[in-house]
Amino acid sequence: MASKTKTTLADSVKQLEKIENQFETLQILNEEGEVVNEAAMPDLSDEQLQELMKRMVYTRILDQRSISLNRQGRLGFYAPTAGQEASQLASQFALEKEDFILPGYRDVPQIIWHGLPLYQAFLFSRGHFHGNQIPEGVNVISPQIIIGAQYIQAAGVALGMKKRGAKSVAITYTGDGGSSQGDFYEGINFAGAYKAPAIFIVQNNRFAISTPVEKQTSAKTIAQKAVAAGIPGIQVDGMDALAVYAAVREARERAVNGEGPTLIETLTYRYGPHTMAGDDPTRYRTADLDNEWEKKDPLVRFRKFLETKGLWNEDMENEVIERAKEEIKDAIKKADEQPKQKVTDLISFMYEEMPNHLEEQYEIYKEKESK
Amino acid sequence: MAQMTMIQAITDALRTELRNDPNVLVFGEDVGVNGGVFRATEGLQKEFSEDRVFDTPLAESGIGGLAIGLALQGYRPVPEIQFFGFVYEVMDAISGQMARMRYRSGGRYSSPVTIRSPFGGGVHTPEMHADSLEGLMAQQPGLKVVIPSTPYDAKGLLISAIRDNDPVIFLEHMKLYRSFRQEVPEEEYTIPLGKAEVKREGKDLTIVTYGAMVHESLKAAEELEKEGHSVEVIDLRTVMPFDIETIVASIEKTGRAIVVQEAQKQAGMASQIVAEINDRAILNLEAPVLRVAAPDTVFPFSQAETVWLPNYKDVIETAKKVLTF
């Protein structure tokens, strides 16, 4: 009897090892910008490759400007994005306009490139509701603050698309920390059970604020969590725009063909602090680790790749930088011109029809705010 | 007109709205083939297909989040939480997400979700099934909370809740599901949310109540009548927003009031109702407004339930204190 139990245990350990070892990291461009996996190369035109580079350069500038605007007190809540450009922008680049994005709070770049005007992204940062009044035809929702809540909502959006017979997907983002939440499991499990066209991205940037991914889970990869939900999972080099693009594009294709959701783990790194509200990464990260990851920089390797192909040069880079600075300036000006948010606005957005008790309170605040 | 129990009236309301609006979806744990653990969704999957009436995996937070996502795609979800004691698992989806959707998005998105759920004591459930948690819900701005006390009201209120463009928590008292039948029209009708009903007119005392306690209060009123006290009973039907106008109008007539609820004294709606009465009708009062409620413990194991739950005798006792003040 005892020996039988022992055999069973040994098998289950072996089974886990086998599953974990199957999860390899998809890479197409190495750190030198060389193609190391020709077979996985996505079908992108020269113009598309250039556009993707432009977006990454633009977004790096947007991050730098946002940080300095925050320090000047001209922006509010801000979660830095540098380091995650390939993970964020190449995944969005693989979408179509009709696809719906449910972002976490660091995922503002994706919704900007999906159509949210820049000045509204700034208003979101400043804590003004107009930042979240997504224009008609832009298929996104405002960034989620509760880690993981967007995962289960994405399953719902995707199921809705399936019921309507739409050829589109819902895509959502969280981080390595988010993959510990109950809603993460419920989201991938519900979408799997309904074969809903959803793409679940975990941007594993190694730290949930300060907690390293090793303390987050005993799982060797986050991609393998897909196995328990019975859906495909893949780990990709999140500093490699082409690998991210290829993985998302493939997941999208499967989803719109009725083959259900995919979990994609992108291995990435945020160079900056968790947010601009006083986080100090030197308390939990070493300079060595920072350096190691900066060598993998998504812009550096994609730039090298494009330069080798004769598709990128300094003038093009400078042009994007200048355009970004100009547009950011204009967007801040437009954000400044927005009327201040009032308590009466808040009250009127609570219900479609204002109940009597709120109507009384509305009158009180209307009086207060008119002074 | 048909004689219906409350559970039949609820099924009838769901059927009516599934027929009226192709965007209405009914889902939850065991609501499909099984027709729900109380048979509230009996026959609906067969009639409307699995596309519109479907089972979910066993996860309340998932059910709540799924409803939000479906609403973002233009659907009108009517999820069931199998027992309301399980609501803690779905608190973020309700209070953190649905209730804030309209404000958060500046009116761009909304959550026209109606969460149906059984609750209420007296039927000897295991733990975490029977708790009266309407107060918890009512304290969250952005939600509406409805508790019917009769089959007729259940149908009309549920149709209104489903048609409402904001999230509604629709709480169904388990003891009332099959305790009596009532004539319920087969055609559709609505009862406006936020409007109370005067169940019994009187001139000496106002009893404000809701849910199963409506019936205890009516019984108490009958007993008090025999002793010469004329008692008015108001059934709130919607506890958030509640109909303070009807309450004040009654107190202007009676000058005395008590509030009766099944929830613990520290929970439920009674404290908020008393505070609103003080704000609006203090000069009409001849006596303090007292509360009848359960003691401030967690909901008891079933053997202690009978004494723990407020009943008509407790109502009479408190009513007399106010009547003789």
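Residues numbered from 1 in each chain as written. Chains lettered and ligands numbered in written order. Predicted model: local features only at pLDDT ≥ 70, side-chain atom pairs only at ≥ 80, totals over all residues. Heavy atoms only, no water.

Labelled according to an unreviewed UniProt entry, chain B appears under the name Pyruvate dehydrogenase E1 component beta subunit, originating from Mesobacillus foraminis.

In the annotation of an unreviewed UniProt entry, the entry for chain A reads Pyruvate dehydrogenase E1 component subunit alpha, and the organism field reads Mesobacillus foraminis. Entered under Function (unreviewed entry) in the UniProt record, the comment concerning chain A runs "The pyruvate dehydrogenase complex catalyzes the overall conversion of pyruvate to acetyl-CoA and CO(2). It contains multiple copies of three enzymatic components: pyruvate dehydrogenase (E1), dihydrolipoamide acetyltransferase (E2) and lipoamide dehydrogenase (E3)." (UniProt positions renumbered as here; feature names shortened; annotations may be inferred.)

> Help me out: how do you make sense of helix α1 (residues 6-20) of chain B in this one?
Working note: α-helix, 3.6 residues per turn, so residues spaced by three or four point in the same direction. Taking 1.5 Å of rise per residue, 15 residues should cover 21 Å, and α1(B) covers 21 Å from first to last C-alpha, within 8% of that figure. Across the 15 residues of α1(B), 11 count as buried, placing the element largely inside the fold. (Helix = DSSP H or I, 4+ residues; strand = E, 2+ residues; numbered from the N terminus. Expected span 1.5 Å × (residues − 1). Buried < 20%, exposed > 50% of the residue type's maximum accessible area, 1.4 Å probe, protein only.)

> How should a negative patch on the surface be read in this particular structure?
Residues and elements named next belong to chain A. On the surface, E307, E314, D315 and E319 cluster together to form a negatively charged patch. Mapped onto the elements, D315 comes out in helix α13 (residues 314-337). Under the relative-accessibility criterion, D315 is labelled exposed at 60%. (Patch = residues over 30% accessible without salt bridge, like charges linked within 9 Å, V, L, I, M, F, W, Y side chains within 5 Å. Areas by Shrake-Rupley, 256 points an atom, 1.4 Å probe, with all protein chains shown as cover. Salt bridge = Lys/Arg side-chain N within 4 Å of Asp/Glu carboxyl O. Lys, Arg positive; Asp, Glu negative; His and termini not counted. Charge placed at Lys NZ, Arg CZ, Asp CG, Glu CD.)

> Which parts of the structure should I look at to understand the UniProt feature "domain: Dehydrogenase E1 component" (unreviewed entry) in chain A?
The positions that UniProt labels "domain: Dehydrogenase E1 component" (unreviewed entry) are, in the present scheme, residues 53-343 of chain A. Secondary structure content for residues 53-343 of chain A is 48% helix and 11% strand, while the C-alpha to C-alpha distance between its ends is 42 Å.

> Looking at this structure, I do not really get the UniProt feature "domain: Transketolase-like pyrimidine-binding" (unreviewed entry) in chain B. What am I missing?
Within the UniProt annotation, "domain: Transketolase-like pyrimidine-binding" (unreviewed entry) is assigned to residues 4-179 of chain B. When the span residues 4-179 of chain B is considered, its composition is 35% helix and 16% strand, and the gap between its end C-alpha atoms is 11 Å.

> What is the right way to look at the domain arrangement of chain A in this model?
Frequently, the measure chosen for interface size is the accessible area that the parts lose on association. Each assigned domain of chain A is listed here: domain 1 (18-338) and domain 2 (341-371). One C-alpha centre belongs to domain 1 of chain A, the other to domain 2 of chain A; they are set 37 Å apart. (Domains from an automatic or database assignment.)

> Explain the nonpolar core here, please?
As a rule of thumb, nonpolar side chains are buried together in soluble globular proteins. Ranked by size, the top nonpolar core spans 147 residues in total, and within it F302(A) and L236(B) carry the most contacts. With 11 residues, helix α10 (residues 241-256) of chain A is the largest single contributor of residues to this core. When sequence neighbours within four positions are dropped, the list of residues in contact with F302(A) reads L29(A), L49(A), L52(A), M53(A), M56(A), A241(A) and L242(A). Formed by 39 residues, the second largest nonpolar core is a distinct cluster that contains M4(B), A13(B), F48(B) and M174(B). (Core = buried A, V, L, I, M, F, W, Y, C linked by side-chain atoms within 4.5 Å. Contact = heavy atoms within 4.5 Å.)

> Help me out: how do you make sense of the pattern of salt bridges in this one?
It is possible for side chains of opposite charge to pair when their charged atoms get near one another. Using the criterion set out here, one finds 36 salt bridges over all chains in the structure. Across the pair E31(A) and K296(A) runs a salt bridge, and its minimum N-O distance is 3.6 Å. Of this pair, E31(A) sits in the loop between β1 (25-26) and α2 (46-71) while K296(A) sits in the loop between α11 (287-294) and α12 (298-308), and the two are 265 residues apart along the sequence. Overall, the relative accessible area of 19% leaves K296(A) in the buried class. Here R76(B) ties to D21(B) by a salt bridge, and the two come within 3.5 Å at their closest N and O atoms. On the criterion of sequence distance, the pair formed by R76(B) in strand β4 (residues 76-80) and D21(B) in the loop between α1 and β2 (24-28) is long-range, its members being 55 residues apart. D21(B) carries the same exposure label as R76(B), and that label is buried. Overlapping salt bridges bring together D12(B), R15(B), R19(B), E47(B) and K155(B) as one network.

> Help me out: how do you make sense of the interface of chain A and chain B in this one?
Each side of the interface is counted separately: chain A has 43 residues, and chain B has 42 residues. Of the roughly 3500 Å² buried between chain A and chain B on both sides combined, carbon and sulfur atoms contribute 55%. Summed over the shared surface of chain A and chain B, the number is two salt bridges. Its salt-bridge partner being E360(A), residue R280(B) comes within 2.8 Å of it at the nearest N-O pair. Of all elements in the fold, only β2 (100-102), α6 (149-164), α7 (182-193) and α15 (356-370) of chain A reach the threshold of two or more residues within the side of chain A that touches chain B. Looking at the side of chain A that touches chain B, the element that brings in the most residues is α6(A), giving 11 residues. Residue composition of the side of chain A that touches chain B, grouped by class: 23 nonpolar, 12 polar and eight charged. (Buried area = accessible area lost by both parts, 1.4 Å probe. Nonpolar A, V, L, I, M, F, W, Y, C, P; charged D, E, K, R; others polar.)

> Mind showing me how you'd approach the pairing of strand β3 (residues 170-175) of chain A here?
Working note: regular strand, side chains alternate between the two faces of the sheet. All names here are of chain A. In terms of residue burial, β3 counts as a mostly covered element, since six of its six residues are buried. The two faces of β3 match: A170, T172 and T174 on one face and I171, Y173 and G175 on the other face are all buried. As paired strands, β2 and β3 are joined by three bridges and run parallel to one another. If you follow F100 over to β3, its bridge partner there is A170. Handedness of the β-α-β unit built from β3, α7 and strand β4 (residues 198-204) comes out right-handed. (Pairing = 2+ DSSP bridges. Right-handed = clockwise from strand over helix to strand, strands pointing away.)

> When you look at the packing of aromatic side chains in this model, what are you seeing that I'm missing?
Within the structure shown, the criterion is met by 19 aromatic pairs over all chains. Taking 5.6 Å as the distance between ring centres and 85° as the angle between the ring planes, the aromatic pair formed by Y194(A) and F54(B) counts as edge-to-face. Placement of the pair is Y194(A) in the loop between α7 and β4 and F54(B) in strand β3 (residues 53-55), with the two residues belonging to separate chains. Here Y194(A) and F54(B) have matching classes, each one buried. (Phe/Tyr/Trp six-rings, centres within 6.5 Å; stacked < 30°, edge-to-face > 60°.)

> It is not clear to me how the pairing of strand β7 (residues 233-237) of chain A should be interpreted in this structure. Could you clarify?
Residue and element names in this part refer to chain A. The pairing of β1 with β7 spans two bridges and is parallel. By the bridge assignment, L26 is partnered in β7 with V236. The pairing of β7 with strand β8 (residues 262-267) spans five bridges and is parallel. Considered in β8, the bridge of V236 is made with T266. Note that the unit made of β7, α10 and β8 has a crossover that is right-handed.

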